[in-house]
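Residue-level listing of the chains:
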Amino acid sequence: MRVLHLVLAPRLSGAEVLAKDLAIDQSAEGMAVCMASLLPAHAEFVPLQEELQEHGVQCWFPARRNRIAGKLWTLFLAVRRFRPDVIFAHATIPSFYARALPLRVPVVYVMHSATNDFERPLFRRVEHILSGRARVVIGVSQQGVTDYVQAIGPHPSMTVVPNGVDLGRFAFTDGAGRSGRAPQVVQIGRYASVKNQLLTVRAFGQVVERVADARLVLYGVVEDPEYQRAVIQQVEALGLTGRVVVAGPRTDVASVLSESNVFVMPSRSEGHSVAFLEALASGIPIVASKIPSFAFASGFAGVQLVDTDNVPCYADAVVVALGQARAQRSLTGLTLRDTAARYRAIAQQVSRHHLAVSVR
């Protein structure tokens, strides 16, 4: 079987990292696998591209940004050359392009977005046109499926496949390596208003009033440069320049988590955050927003789901977390192995169905 994973841009973000992990798993299972994109790869994705190629996965990323017609033509050529039996289109925009191709290749649309894409009238109109071209629609959470049905209507083949974490990379650590160091709070996520780094900085301003030597580190892809600048300005305005680091993405997330004392995630909304799962697996104390996507973790040790819009409440929770030890958590059903098995089964099902229809 030949499988193509299509992403918007190869970068250090949840959907793209999951696509990379699925591609490696499928290659190990004997499938011919390709990862392609509509936009050029970010520089920090290079180590992941090398990992893909070491595992026999082909990488077809454009060297420059193209307009709409150029993106379609480049994707058309990639699909014609690779000849996939199924395309997994990760996120809404890649799925539009994959389904617009004049080729009879079944497309599986994977809804990764942290927000409801179909609140946008243009996206609703396009999805109404292209909905029938998706052989399967996958939601990484039930909320994504619910949003789709309310905006577009039921699809004949919809399913929820939660994201999974690689327990081999993100195993529980006791945090002994942090002994003697200043307590560190970390947030990992792209710089965009939905991720709420501004709230974290404001809350941290209250945390340092009670934990004098605490420091905050923010890591993430710069999706919205203006928002990142606002975060930096907030740090400066609160006099936290020596206590807060506003940094770009990191490939070694497992190391970041092992070096930190508390993980925070005050997102306004999420699909099914890979970073959140990684933090759960590492055992680090977690403070996150009280949103439906995180509700499954409400009973886990060392996890506080709070109203992060209430800055004093958010700060209080971080102070409590700084006094907590790491905790072992069971992630049965949420491992990368679990997720990869579901995607393999869907790929095989779609391929068999397409072959049967073609024979008729």
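Along each chain, the written sequence defines residue order, and numbers are assigned to residues from 1. Restriction of local features to residues with pLDDT of at least 70 applies here, the model being predicted, together with a cutoff of 80 or more for giving and counting side-chain atom pairs; totals for whole chains, interfaces and linings are based on all residues. Water and hydrogen atoms play no part in the side-chain values, which are based on all heavy atoms of the structure.

By the naming in an unreviewed UniProt entry, the chain goes by Glycosyltransferase and is assigned to Paraburkholderia fungorum.

Asker: Give me the lowdown on the pairing of strand 1 (residues 2–7), citing residues and values where you can.
Answerer: Residue burial is assigned from relative accessible area. The probe radius is 1.4 Å, only protein chains are included, and a residue is buried under 20% of its type maximum, exposed over 50%, and partly exposed in between. The numbering of helices and of strands both runs from the N terminus, where a helix is a DSSP run of H or I of at least 4 residues and a strand a run of E of at least 2. Here strand 1 lies mainly inside the structure; five of its six residues are buried. By definition, two strands form a pair when at least two bridges between them are found by DSSP. In this structure, strand 1 lies alongside strand 2 (residues 32–37), joined through six bridges in parallel fashion. The residue bridging Leu-6 from the neighbouring strand is Ala-36, located in strand 2. Note on the crossover from strand 1 through helix 1 (residues 14–28) to strand 2: the handedness is right-handed. With four bridges connecting them, strand 1 and strand 4 (residues 86–90) associate as parallel partners. Residue Leu-4 lies in a different strand from strand 4, and its bridge partner there is Ile-87. When the strands point away from the viewer, a crossover counts as right-handed if the route from the first strand across the helix to the second turns clockwise.

Asker: Break down the packing of helix 1 against helix 2 (residues 46–54) for me, with residues and values.
Answerer: Axis definition: a line fit to C-alpha positions, over the contact stretch in the case of helices; interaxial angles, taken between N-to-C directions, run 0 to 180 degrees. Running from amino to carboxyl end, helix 1 crosses helix 2 at an angle of 15°, the nearest separation of the two axes being 9 Å. In terms of axis orientation, helix 1 runs roughly parallel to helix 2. Of the two possible hands of crossing, helix 1 and helix 2 adopt the one that is left-handed. Along the contact surface, helix 1 presents Val-17, Lys-20, Ala-23 and Ile-24, while helix 2 presents Leu-48, Glu-51 and Leu-52. By residue class, the composition of the contact of helix 1 with helix 2 is five nonpolar, no polar and two charged. Throughout this description, any angle smaller than 35 degrees is read as roughly parallel, any larger than 145 degrees as roughly antiparallel, any in the 65 to 115 degree range as roughly perpendicular, and the remainder as oblique. Two helices cross in a left-handed way if the nearer one is turned anticlockwise from the farther one by less than a right angle. They cross in a right-handed way if the turn is clockwise. Whether two residues are in contact is decided by their heavy atoms, any of which lying within 4.5 Å being enough. In this classification, Asp, Glu, Lys and Arg are treated as charged, Ala, Val, Leu, Ile, Met, Phe, Trp, Tyr, Cys and Pro as nonpolar, and every other residue, Gly included, as polar.

Asker: Lay out the pattern of salt bridges with the relevant residues and their values.
Answerer: Each salt bridge in this description consists of a side-chain nitrogen of Lys or Arg and a carboxyl oxygen of Asp or Glu lying within 4 Å of one another. Taken as a whole, this structure holds 12 salt bridges when the rule is applied. One salt bridge connects Arg-11 with Glu-223, and the closest N-O pair in it is separated by 3.1 Å. Here Glu-223 lies in the loop between strand 9 (215–219) and helix 8 (225–237) and Arg-11 lies in the loop between strand 1 and helix 1, a separation of 212 residues in the sequence. Overall, Arg-11 belongs to the buried group, its relative accessible area being 16%. For Glu-223, a relative accessible area of 38% translates into the label partly exposed. Between Arg-99 and Glu-127 there is a salt bridge, with the nearest N and O atoms lying 2.7 Å from each other. Linking Arg-99 in helix 4 (residues 92–100) with Glu-127 in helix 5 (residues 121–130), this pair joins segments that are 28 residues apart in sequence. Each of the two residues, Arg-99 as well as Glu-127, counts as buried. Members of the salt-bridge network, linked through shared partners, are Lys-20, Asp-21, Glu-51, Asp-166 and Arg-169.

Asker: Residues and numbers for helix 4, please.
Answerer: When you tally the buried positions in helix 4, you get seven out of nine residues, the bulk of the element. Buried within helix 4 are the following residues: Thr-92, Pro-94, Ser-95, Phe-96, Tyr-97, Ala-98 and Arg-99. Those residues of helix 4 that are buried are in contact with strand 1, helix 3 (68–82), strand 4, strand 5 (107–111), helix 5 and strand 6 (134–139).

Asker: Give me the side chain of Ser-282: which residues, what numbers.
Answerer: If you trace the backbone, Ser-282 turns up in helix 10 (residues 274–282). Using a relative accessible area of 4% as the deciding quantity, one classes Ser-282 as buried. Setting aside its immediate chain neighbours within four residues, Ser-282 contacts Phe-170, Ala-171, Phe-172, Thr-173, Leu-257 and Arg-326.

Asker: Before we move on, can you summarise the environment of Arg-81 with the specific residues and values?
Answerer: Summarising the element assignment, Arg-81 is placed in helix 3. For Arg-81 and Val-194, which are 113 residues apart along the polypeptide, the C-alpha to C-alpha distance reads 38 Å.

Asker: I'd like a description of unusual backbone geometry, backed by residues and values.
Answerer: Of note in the backbone geometry, Arg-83 takes a positive phi value of approximately 55° without being a glycine. Mapped onto the elements, Arg-83 comes out in the loop between helix 3 and strand 4. The class of Arg-83 is exposed, set by a relative accessible area of 54%. In this structure, Ala-91 is a non-glycine residue whose phi angle is positive, near 95°. Relative to the assigned elements, Ala-91 resides in the loop between strand 4 and helix 4. By relative accessible area, which is 21% here, Ala-91 ends up partly exposed.

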